[in-house]
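Close look at the chain arrangement
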Amino acid sequence: MEDKLKSLLFEAADARAQIVRLDKTWQKVVSHNEYPAPVVELLGQLVAASALLSASLKFEGSLILQIKGDGPVVLLVAECNSKLGLRATVKLDETKAIAENASYKDLLNVSGKGLFVVVLDPKNRQPGQMPYQGVVELSGSTIAESLENYMRTSEQLETRLYLHANHDAAAGLMLQQMPGEGGKRNGKSHDADGWERLLALGHTVTGSEILSIALDDMTHRLFWEENPAQLAERTVQFECTCSRLKVGRMLLRLGKHEVEEALKEQKQLCVHCDFCNSAYIFTQAQCEHLFEAEELEENLNADEEEDPIKDLRKDGDDQPTIH
Ligand SMILES: [Zn+2]
């Protein structure tokens, strides 16, 4: 079992790499739902990418990668925090069939309306503070290409990604140029062909290799001649941030009327987290209490600027669904 991520520095080439291999963490993500094979592959690639990018950022909080599709896949989400705790989920349009050999375009960008969204949600976000969000049209024919385009247009960072996934493992390599670090090579002279050599090595990565060989061996096999400095080796784990409080907020956002309608059909609401499938039960009495508390808060805070209920109503990306 491997759930590790390594960060490497190629000083003379002004480049760095992150390489990740997820087994247990990835299996936890897929175990919560039964997705068709092409969707498993896409989600695994996005999950690997979220860990690679998160590890490369100097940012405390959560990185959320979202692809909003216009085909059978409506939404792919992978979220990874700065401690490399990650979770992911998929929303499918159940009315649309998914062929075994469906392409990226077939799944996500049928009429070219797909979007790639990157959200940076800082830890300890202040009330009223919005997370950073970047949106670009979905381009390219793989997750790696879409993300490379995003990094080029939004972050002006030359990035290459090699992403692979199957039902058992998800893995990836990210190569990134480091502009502006030219003067800090510790006296080493600039390696003008370094970047091109790294790209050539990246192109040799195959899915069957990176998904089966141990991360240390894979790293050695790829880069032993380049002799990179190893900056860090970190553990990645599954982590869901759902809670009863967040589900309560979601019910408040839905509104009293909707909740009452749902309660007509069943005595209690059972809300499942889309990410980890945890079940949260709210009885009729508990729902009533929730809305009473909200009204009370609204009266108390009518003139105050900091309104906890207003905060509760903020749109979140982790809205669970009622099943
Ligand atoms: Zn959860």
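Residues numbered from 1 in each chain as written. Predicted model: local features only at pLDDT ≥ 70, side-chain atom pairs only at ≥ 80, totals over all residues. Heavy atoms only, no water.

Points about the overall build of the protein
The test is simple: Going along the chain from the N terminus, every DSSP run of H or I of four or more residues is numbered as a helix, and every run of E of two or more is numbered as a strand. Residue exposure (1.4 Å probe, protein chains only): buried if accessible area is under 20% of the type maximum, exposed if over 50%, otherwise partly exposed. In this description, contact between two residues means that some pair of their heavy atoms is separated by no more than 4.5 Å. Shrake-Rupley sampling with a 1.4 Å probe provides the accessible areas, and residues are treated as covered by the protein chains on show and by no other component.
Helix and strand content of the protein: eleven helices and 14 strands. By residue count, 48% of the 323 residues in the protein fall in the buried class. Sequence-distant contacts in the protein: of pairs separated by 6 or more residues, those separated by 24 or more amount to 65%. Approximately 16,400 Å² of the protein is accessible, and the part contributed by carbon and sulfur atoms is 48%.

A closer look at the layout of surface pockets
Condition: Here a cavity means grid points, on a 1 Å grid over the protein atoms only, where a 1.4 Å probe fits yet cannot get out; a pocket means an open set of points with protein on both sides within 12 Å along at least five of seven lines; lining residues are those with an atom within 4 Å of a point. Grid points are joined across faces, edges and corners, and a volume is the space filled by probe spheres set on the points. Charged residues are taken to be Asp, Glu, Lys and Arg, nonpolar residues to be Ala, Val, Leu, Ile, Met, Phe, Trp, Tyr, Cys and Pro, and polar residues to be all remaining types, Gly included.
Considering only enclosed or pocket space, the second largest pocket measures out at about 670 Å³ in volume. Taken together, 31 residues line the second largest pocket, and the ones lying closest to its centre are Arg 16, Ser 56, Leu 57, Lys 58 and Gln 176. Counting residues per element, the ones that place at least two in the lining of the second largest pocket are strand E1 (3–10), strand E2 (15–22), helix H2 (37–56), strand E6 (115–122), helix H4 (143–154), strand E9 (170–177) and strand E10 (229–235). Here the lining of the second largest pocket is built from residues that sort into 17 nonpolar, five polar and nine charged.

A closer look at the coordination of the zinc ion
This is how it is decided: Think of the donor list as every N, O and S atom within 2.8 Å of the metal, or within 3.2 Å for Na, K and Ca; water never makes the list, so a site can look incomplete. A four-donor site is called tetrahedral if each angle lies between 85 and 135 degrees; a four-donor site is square planar, and a six-donor site octahedral, when trans pairs exceed 155 degrees and the remaining angles lie between 65 and 115; all other cases are labelled irregular.
Around the zinc ion, the protein contributes the donor atoms Cys 240 (SG), Cys 242 (SG), Cys 273 (SG) and Cys 276 (SG), which lie 2.2 to 2.3 Å from the metal centre. Coordination geometry of the zinc ion: the four donor atoms subtend angles of 104 to 115° at the metal centre, consistent with an arrangement described as tetrahedral. Mapping the donors of the zinc ion onto the primary sequence gives the spacing C-x1-C-x30-C-x2-C. A residue pair is termed long-range when its members are at least 10 positions apart, and Cys 240 in the loop between strand E11 (237–238) and helix H8 (244–254) and Cys 276 in the loop between strand E12 (268–272) and strand E13 (279–283) qualify at 36 residues. Its relative accessible area of 15% is what places Cys 276 among the buried residues.

Topic: the pairing of strand E3 (residues 61–68)
Along any regular strand the residues' side chains alternate between the sheet's two faces. Filter applied, for reference: By this definition, two strands are paired if DSSP reports at least two bridges between them.
Counting buried positions over the eight residues of E3 gives seven, a clear majority of the element. Direction of pairing for E3 relative to E6: antiparallel, over a ladder of eight bridges. Following the sheet pairing, Gln 66 is matched in E6 by Val 117. Pairing geometry for E3 and strand E4 (residues 73–81), over seven bridges, is antiparallel. Bridging from a neighbouring strand, Leu 65 pairs with Ala 78 of E4. Two successive antiparallel strands, E3 and E4, enclose a turn made up of four residues.

Thoughts on the sheet that holds E9
The line we're drawing: All axes are obtained by fitting lines to C-alpha atoms, using only the stretch in contact for helices, and the reported angles, taken between N-to-C directions, cover 0 to 180 degrees.
A sheet is described by the order of its strands in space; here five strands give the open sequence E8-E9-E2-E1-E10, paired in antiparallel fashion. The two strands at the open ends of the sheet, each matched to only one other strand, are strand E8 (159–165) and E10. If you compare each strand with its neighbour and ignore which way they point, the axes differ by 10° on average. Relative to E2, E1 runs antiparallel, the two sharing eight bridges.

Examining the packing of H2 against H4
Note the following rule: Put simply, a crossing is left-handed when the front helix is turned counterclockwise from the back one by less than a right angle, and right-handed when it is turned clockwise.
Look at H2 against H4: their axes get within 10 Å of each other, and the N-to-C directions meet at 35°. The two elements H2 and H4 cross, and the hand of that crossing is right-handed. Packed against H2, whose contacting residues are Leu 42, Gln 45, Leu 46, Ala 49 and Leu 53, the element H4 presents Ile 143, Leu 147 and Met 151 at the interface. When the residues that make up the contact of H2 with H4 are grouped by side-chain class, the tally is seven nonpolar, one polar and no charged.

A closer look at the pairing of E1
Burial within E1 is extensive, with eight of its eight residues counted as buried. By the alternation rule, side chains of E1 split into Asp 3, Leu 5, Ser 7 and Leu 9 and Lys 4, Lys 6, Leu 8 and Phe 10, which are all buried. Relative to E10, E1 runs antiparallel, the two being bridged by six bridges. Looking at the pairing, Leu 9 lines up with Ala 229 of E10.

As for the nonpolar core
To be explicit about the condition: What is meant by a nonpolar core is a set of buried Ala, Val, Leu, Ile, Met, Phe, Trp, Tyr and Cys residues, joined one to another through side-chain atoms within 4.5 Å. As annotated, the domain borders come from an automatic or database domain assignment.
Ranked by size, the top nonpolar core spans 74 residues in total, and within it Trp 26, Leu 43, Leu 65, Ile 67, Leu 76, Leu 108 and Phe 116 carry the most contacts. Ranked by the residues each element gives to this core, the list is headed by H2, at twelve residues. Two domains each put at least three residues into this core: domain 1 (3–238) and domain 2 (244–322). Filtering out sequence-adjacent residues up to four positions away, Leu 108 remains in contact with Leu 42, Ile 67, Gly 69, Asp 70, Gly 71, Val 73, Leu 76, Gly 114 and Leu 138. Core analysis: the second largest hydrophobic core is formed by 22 residues, Ile 19, Leu 173, Trp 195 and Leu 215 among them.

A few points about the pattern of salt bridges
Cut-off, in case you're wondering: Basic side-chain nitrogens of Lys or Arg form a salt bridge, by our definition, when they fall within 4 Å of a carboxyl oxygen of Asp or Glu.
As enumerated under the stated definition, the model contains 16 salt bridges in all. A salt bridge links Lys 123 to Glu 60, with the shortest nitrogen-to-oxygen separation between them at 3.4 Å. One end of the pair, Lys 123, is in the loop between E6 and strand E7 (132–137); the other, Glu 60, is in the loop between H2 and E3, with 63 residues separating them in the sequence. Residues participating in the shared-partner salt-bridge network are Lys 4, Lys 6, Asp 216 and Glu 233.

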